[in-house]
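Commentary on secondary and tertiary structure
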Amino acid sequence: MDQELKSLLTILLGKIDDVGTEVGELRGKVDGLSGKVDALSGEVGEMREDMNGMKAAITNLEREQTLTRQILGATNHQMIGRLDQFTMQYETLVGARPSAAE
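In what follows, the accompanying structure is described. Here the structure is a predicted model, which means the values were calculated and not measured.

Basis of the calculations
- Residues numbered from 1 in each chain as written.
- Predicted model: local features only at pLDDT ≥ 70, side-chain atom pairs only at ≥ 80, totals over all residues.
- Heavy atoms only, no water.
- Helix = DSSP H or I, 4+ residues; strand = E, 2+ residues; numbered from the N terminus.
- Rg over C-alpha atoms; globule rule 2.2 N^0.38 Å.
- Buried < 20%, exposed > 50% of the residue type's maximum accessible area, 1.4 Å probe, protein only.
- Areas by Shrake-Rupley, 256 points an atom, 1.4 Å probe, with all protein chains shown as cover.
- Expected span 1.5 Å × (residues − 1).

Scanning the protein for helices and strands turns up one helix and zero strands. A globule of 102 residues ought to have a C-alpha radius of gyration of about 13 Å, yet the protein, at 42 Å, is considerably larger. By its C-alpha atoms, the protein is 135 × 25 × 10 Å across when sized along the principal axes. With 102 residues in all, the protein has 0% of them scored as buried. Summed over its atoms, the accessible surface of the protein is roughly 9500 Å², and 61% of this surface lies on carbon and sulfur atoms.

Counted at 1.5 Å a residue, the expected span for helix H1 (residues 2-94) with its 93 residues is 138 Å, and the 134 Å between its end C-alpha atoms agrees. Glycine 95 sits one or two residues past H1 and shows a positive phi near 85 degrees.

Written as structure tokens, this is what we have:
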């Protein structure tokens, strides 16, 4: 009976060692996954910064676009005014309306 008990205890200790080994392997895998999660978190942070930078650039471009539209609108308005002045001066000098380009 003692021999049988010793054999059972030996088998049990072997199984406990196997479980301990598996737990160690699982811990290694968890550590590896934890490292990957940390790396991904860093990449997400960088992507957020890039996205914020792109948003700022878009905002600047929109502001510049609005300014450019205003400037072009004012320039166009001034050019039309000058063209009207030149037309009136031409009519005064020549006494007739200029005809369309042929």
